[in-house]
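Understanding the architecture of this molecule
For reference, the chains in residue letters:
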Amino acid sequence: MSITKVGPDLISSVVGVTGAGAVLQCLTATDDTVRTTTSTSYAVNSNTLQVDITLSATSSKVLIMVTSASYSDSGAGIGYFTVYRDTTNLGPANGLAIVDHADGVAVTPGPLSIIFLDSPSSTSELTYGVQFKTNNSSYTVGMNGVASGTAQRGSIIVQEIAS
């Protein structure tokens, strides 16, 4: 196995990489506030994990990466998390990530991670953002923290990838 040492010469030669697979743009947003919902329909729920991007070509792909934490105030709560492009849910009805807190223990925190590759075929401005819902309106589901109110930073990274 060979080991390549990354130095300034290699970094400067990589910056100008073009062609299929090249990262053309990289945008991010963070949210440091605990967000909650009792809704059984997807909604933003005041979270700021939203990014606007205008692609340079209709053939470009968009790589979306989300990380956060999730919790429920009930041992029967399930959180459904997804990414929307404008008004289009990019996932199935139950989202791109399900955090199942239905273990009989209230306020169980869990990690939340989403990675999705979108092919929007557009050069108009697009908004990518996280939306979430609960399985039952009797249960509160939250993100970016734990039920005690301790916040954890959530983030979304959106990259335009050349095709």
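Heads up: the structure comes first, above all this text.
This section reports on the structure supplied with the text.

Comments concerning the overall build of the chain
Tallying secondary structure elements over the chain gives 1 helix and 11 strands in all. Along its sequence from the N terminus, the chain presents helices and strands in the succession α-β-β-β-β-β-β-β-β-β-β-β. For the chain, restricting intrachain contacts to residue pairs at least 6 apart in sequence, the fraction spanning at least 24 positions comes to 80%. Element-wise, carbon and sulfur atoms account for 53% of the exposed surface of the chain, whose accessible area totals about 8200 Å².

Let's talk about the packing of aromatic side chains
Evaluation of the coordinates by the stated rule reveals 2 aromatic pairs. Ring geometry for Tyr42 against Tyr84: centres 6.2 Å apart, planes inclined by 65°, an arrangement best described as edge-to-face. Placement of Tyr42 in the loop between strand 2 (35-37) and strand 3 (50-54) and of Tyr84 in strand 5 (residues 78-85) is noted, with a sequence separation of 42 residues between them. Side by side, Tyr42 and Tyr84 carry an identical accessibility label, which is buried.

Considering unusual backbone geometry
Residues other than glycine seldom take positive phi values, yet Asp86 does so here, at roughly 55°. A relative accessible area of 40% places Asp86 in the partly exposed class. Its identity is not glycine, yet Ser121 carries a phi of approximately 50°, on the positive side. Inspection of the secondary structure assignment puts Ser121 in the loop between strand 8 (110-118) and strand 9 (125-134). What makes Ser121 exposed here is its relative accessible area of 55%.

A closer look at the pairing of strand 9
The element strand 9 is extensively covered by neighbouring structure, given that 8 of its 10 residues are classed as buried. Pairing of strand 3 with strand 9 involves 5 bridges; the strand directions are antiparallel. Across the sheet, the residue bridging to Asp52 is Thr127, located in strand 9.

Considering the nonpolar core
One finds Ile64, Phe81, Tyr128 and Ile156 to be the most contacted residues of the largest nonpolar core, which totals 23 residues. Listed by contribution, the elements that provide at least two residues to this core are strand 3, strand 4 (61-72), strand 5, strand 7 (97-100), strand 8, strand 9, strand 10 (141-143) and strand 11 (154-161). Sort the elements by how many residues they give to this core and strand 9 lands first, with 4 residues. In contact with Ile64, other than residues within four places in its own chain, are Val83, Leu90, Ile114, Ile115, Phe116, Asp118, Tyr128, Ile156 and Ile157.

Things to note about the environment of Phe116
Secondary-structure assignment places Phe116 in strand 8. Considering only alpha carbons, one finds Phe116 and Leu96, 20 residues apart in sequence, at a separation of 8.2 Å. Setting aside its immediate chain neighbours within four residues, Phe116 contacts Val62, Leu63, Ile64, Leu90 and Leu96.

Things to note about the side chain of Asn47
Topologically, Asn47 is positioned in the loop between strand 2 and strand 3. A distance of 2.7 Å separates the side chain of Asn47 from the backbone nitrogen of Leu49, its partner in a polar contact. At 3.0 Å, the side chain of Asn47 forms a polar contact with the backbone oxygen of Val130. Excluding its chain neighbours within four sequence positions, the residues that come into contact with Asn47 are Asp31, Arg35, Val130, Phe132 and Met143.

A few points about the side chain of Glu160
Secondary-structure assignment places Glu160 in strand 11. Despite its burial, Glu160 remains without a salt bridge, the nearest opposite charge being carried by Lys61 at 11 Å. Among the polar contacts listed, one links the side chain of Glu160 to the side chain of Ser60, at a separation of 2.7 Å. For Glu160, the residues in contact, after removing those within four places along its chain, are Ala22, Val23, Leu24, Gln25, Ile53, Thr54, Leu55, Ser56, Ala57, Ser60 and Lys61.

The rules behind each value
Residues numbered from 1 in each chain as written. Predicted model: local features only at pLDDT ≥ 70, side-chain atom pairs only at ≥ 80, totals over all residues. Heavy atoms only, no water. Helix = DSSP H or I, 4+ residues; strand = E, 2+ residues; numbered from the N terminus. Contact = heavy atoms within 4.5 Å. Areas by Shrake-Rupley, 256 points an atom, 1.4 Å probe, with all protein chains shown as cover. Phe/Tyr/Trp six-rings, centres within 6.5 Å; stacked < 30°, edge-to-face > 60°. Buried < 20%, exposed > 50% of the residue type's maximum accessible area, 1.4 Å probe, protein only. Pairing = 2+ DSSP bridges. Core = buried A, V, L, I, M, F, W, Y, C linked by side-chain atoms within 4.5 Å. Polar contact = N/O pair within 3.5 Å; in protein donor to acceptor, adjacent residues only side chain to side chain. Lys, Arg positive; Asp, Glu negative; His and termini not counted. Salt bridge = Lys/Arg side-chain N within 4 Å of Asp/Glu carboxyl O.

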